[in-house]
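# Chains, contacts and geometry: an overview
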Amino acid sequence: MEKTTIDIFEEISSDTLQDFLQKTDNLVDGSEVEIRIASYGGEIFPTLSIIDSLKRFHTTANIIGFACSSAAILALSCDTVEMSENASLMLHSAWADGLDENDPGIIRCNELQEKIIKERNANINMSIILDRDIWLSAEQALKLNLADNIYYLSTINYAARCIKYVAKLKGNFMSEKDMGQEFLFNL
């Protein structure tokens, strides 16, 4: 069976959902689908619809550079998550303009994110993730079982290195100390 590759190199929107459904409409259940992701996220509801439609396939997320916010949740919902050596994964609480964390829609979206993340690692402390933006390198994601494989590039990926550098400058990149039990795990 041939593998179908779908690129999500954009903000996830209803257009992304429509494009995804068109590309997978004629695939048989159990087909191999690779989703290459380089996205800072987007709308959660189209993302959740894509996630639901993925359930009929065997899926691999291939994070190229970065998968942030809803794009990270999309990647984590796949059967296998592969990251380039320079890739980053960013997780945070759901949000919407004009709504606070007590909004029923925000609460529900966070519950769905938690379910997807905990299916990969039940020990992650979600209150940390929901408290601020958490940037993970490919190595950190692998250590946390949020990635299954890191692939190494034969050439330098300058875009991914720039993203990591900017995140580090902003103080949002997690240090090795932050990776300790006291930060992300409830053991």
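Residues numbered from 1 in each chain as written. Predicted model: local features only at pLDDT ≥ 70, side-chain atom pairs only at ≥ 80, totals over all residues. Heavy atoms only, no water.

A surface patch of like charges, here negative, comprises E10, E11, D15 and E43. By secondary structure assignment, the location of E11 is in the loop between β1 (4–8) and α1 (14–24). Since its relative accessible area comes to 40%, E11 is described here as partly exposed. (Patch = residues over 30% accessible without salt bridge, like charges linked within 9 Å, V, L, I, M, F, W, Y side chains within 5 Å. Areas by Shrake-Rupley, 256 points an atom, 1.4 Å probe, with all protein chains shown as cover. Salt bridge = Lys/Arg side-chain N within 4 Å of Asp/Glu carboxyl O. Lys, Arg positive; Asp, Glu negative; His and termini not counted. Charge placed at Lys NZ, Arg CZ, Asp CG, Glu CD. Helix = DSSP H or I, 4+ residues; strand = E, 2+ residues; numbered from the N terminus. Buried < 20%, exposed > 50% of the residue type's maximum accessible area, 1.4 Å probe, protein only.)

Along the chain, the position of F20 falls in helix α1. Residues in contact with F20, not counting those within four places in the same chain, are I6, I35, I50, S53 and L54. (Contact = heavy atoms within 4.5 Å.)

Residue S69 is not a glycine yet carries a positive backbone phi of 55°. For S69, the location among the structural elements is in the loop between β3 (58–68) and α3 (70–76). The buried category is assigned to S69, whose relative accessible area is 15%. Positive phi is not limited to glycine here, since N145 has a value of about 60°. Summarising the element assignment, N145 is placed in the loop between α6 (138–143) and β7 (149–151). The class of N145 is partly exposed, set by a relative accessible area of 43%.

Here we come to the pairing of strand β6 (residues 134–137). Every second residue of β6 is oriented toward a common face, with I134 and L136 on one face and W135 and S137 on the other, all of them buried. Here strand β5 (residues 88–91) runs beside β6; their pairing, made up of 4 bridges, is antiparallel. Bridging across to β6, M90 finds its partner in W135. (Pairing = 2+ DSSP bridges.)

This part covers the environment of K55. Tracing the backbone through its elements, the reader meets K55 in the loop between α2 (44–54) and β3. For K55, a relative accessible area of 57% puts it in the exposed group. The sequence separation of K55 and C78 amounts to 23 residues, and the corresponding C-alpha distance is 8.5 Å.

Within this structure, the stated rule accounts for 7 salt bridges. Ionic pairing is found between D29 and R56, a salt bridge with its closest N-O pair at 2.7 Å. With a gap of 27 residues between them, D29 in the loop between α1 and β2 (32–39) and R56 in the loop between α2 and β3 connect regions that are remote in the sequence. The exposed category is assigned to D29, whose relative accessible area is 57%. Exposure remark for R56: the relative accessible area of 32% places this residue in the partly exposed category.

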